[in-house]
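Chains, contacts and geometry: an overview
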Amino acid sequence: MTTLSTKHLLGIKDLKLDDIRLILSTAANFKEVLSRPIKKVPSLRDVTIANLFFENSTRTRLSFELAERRLSADVINFTASSSSVSKGETLIDTVNNILAMKVDIIVMRHPNAGAAEFLSRYVNAQIVNAGDGPHEHPTQALLDAFSIQEKFGDVKGLKVAIVGDILHSRVALSNILCLQKLGAEVMVCGPSTLLPKHINSLGVKVSNNLREALEWCDVANMLRIQLERQDIRYFPSLREYIQLFGLNMEILSSLSKKITIMHPGPINRGVEITSEVADSDQSIILSQVENGVAVRMAVLYLLAGRTAE
Ligand code: CP
């Protein structure tokens, strides 16, 4: 298989196992390119990509932009706070105005679940979902899978615990779908109030006990508490959350085996993990960020190839 089965990347739910494998193997090739003195390739010359960010981002926005420039694409950037969205322009009008400037691919982050899928139905461009509210963050899941594969050789058969605010996390849903397609077992762990009601239907193990999850897993992906998406209190206090679900060196070193620690960022140091854990030799957090560029190069390269069919 040399092409993706989808025209857009809206979510991991739309990807077949072969699509994921193709993205990961293409990303490995681009990672090798990125280790060369000259890191730029001409693959997307004459392709124009618009990065539309309606919600804050550091890693995803910079990583996409770097990936696009490494592929020699023409790039335009849009942030909602400095645009005419604040004057009442609709999403479709905003995007169609951008498309009138002859844009081929749109990379979009939006606070509303389903925004990328909605856009794909109404505008004539390829859409890449860079995170839609609490729904999906497909490139994060792909770079996480790539990082696990790089560390362990294969994702199949591994046990991955996703810990923290599962309810508000697009990273959790995309990771669950991606890891399961690749043959990993997944456990989610957090306070009951931060686990979605439908969680059992996703075929994951569920725990409310951090030590139990950590003893079970090979890899722990520690998620941030998304206070900005919480309109009610989901736990009595941050202090209590840290006591029950915060990962520190004392817990990590007391486990019966050495596990790998991941975090999609941004980290709240001292909340979901301590600085010592984040910076320890068991953490692959900065490898995740590094791999994000190669994975996003692979996604854009493969999607652009679909238009040549
Ligand atoms: N992991 C992630 O999506 O980070 P940003 O919100 O900084 O893009």
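This text follows the structure it describes.
Residues numbered from 1 in each chain as written. Predicted model: local features only at pLDDT ≥ 70, side-chain atom pairs only at ≥ 80, totals over all residues. Heavy atoms only, no water.

So, empty space enclosed by the protein
Applying the stated criterion to the full structure yields 1 cavity of 30 Å³ or more. When its volume is computed, the largest cavity comes out at roughly 70 Å³. Along the walls of the largest cavity sit Arg59, Gln140, Leu143, His263, Pro264, Gly265, Ile285, Gln288, Val289, Gly292 and Arg296, which together make up its complete lining. When residues of the lining of the largest cavity are traced back to their parent elements, those giving at least two are α5 (138-152) and α11 (285-306). If one sorts the elements of the lining of the largest cavity by residue count, α11 sits on top with 5 residues. In the lining of the largest cavity, the residues fall into 4 nonpolar, 5 polar and 2 charged. (1 Å grid on protein atoms, 1.4 Å probe; cavity = no way out; pocket = protein on both sides within 12 Å on 5 of 7 lines; lining within 4 Å. Points joined across faces, edges and corners; volume = space filled by probe spheres on them. Helix = DSSP H or I, 4+ residues; strand = E, 2+ residues; numbered from the N terminus. Nonpolar A, V, L, I, M, F, W, Y, C, P; charged D, E, K, R; others polar.)

Notes on the site of the ligand
Near the ligand you find Ser57, Thr58, Arg59, Thr60, Arg109, His137, Gln140, Pro264 and Gly265, and these make up its full shell. Here an oxygen atom of the ligand sits 2.9 Å away from a polar atom, N or O, in the side chain of arginine 59. At 2.6 Å, a side-chain N or O of threonine 60 approaches an oxygen atom of the ligand. Here the ligand loses 91% of its free accessible area of 250 Å² to cover by the protein chains. Here the ligand is seated within the largest pocket. Tallied by class, residues from the shell around the ligand come to 1 nonpolar, 6 polar and 2 charged. (Near = heavy atom within 4 Å. Polar contact = N/O pair within 3.5 Å; in protein donor to acceptor, adjacent residues only side chain to side chain. Areas by Shrake-Rupley, 256 points an atom, 1.4 Å probe, with all protein chains shown as cover. Sits in = over half its atoms within 2 Å of the grid points.)

Comments concerning the sheet that holds strand β9 (residues 260-262)
Spatially, the 5 strands line up as an open sheet ordered β7-β6-β5-β8-β9, and their pairing is parallel. A strand with exactly one partner marks an edge of an open sheet, and here the two such strands are β7 (205-207) and β9. Along the sheet, successive strands turn relative to each other by an average axial angle of 20°, direction set aside. Sitting on the sheet, α5 is in contact with β5 (159-163), β8 (219-222) and β9, with an inclination near 160° to β9. (Pairing = 2+ DSSP bridges. Axes fitted to C-alpha atoms, helices over the stretch in contact; angles between N-to-C directions. Contact = heavy atoms within 4.5 Å.)

All quantities given are derived from atomic positions and should not be read as evidence of function.
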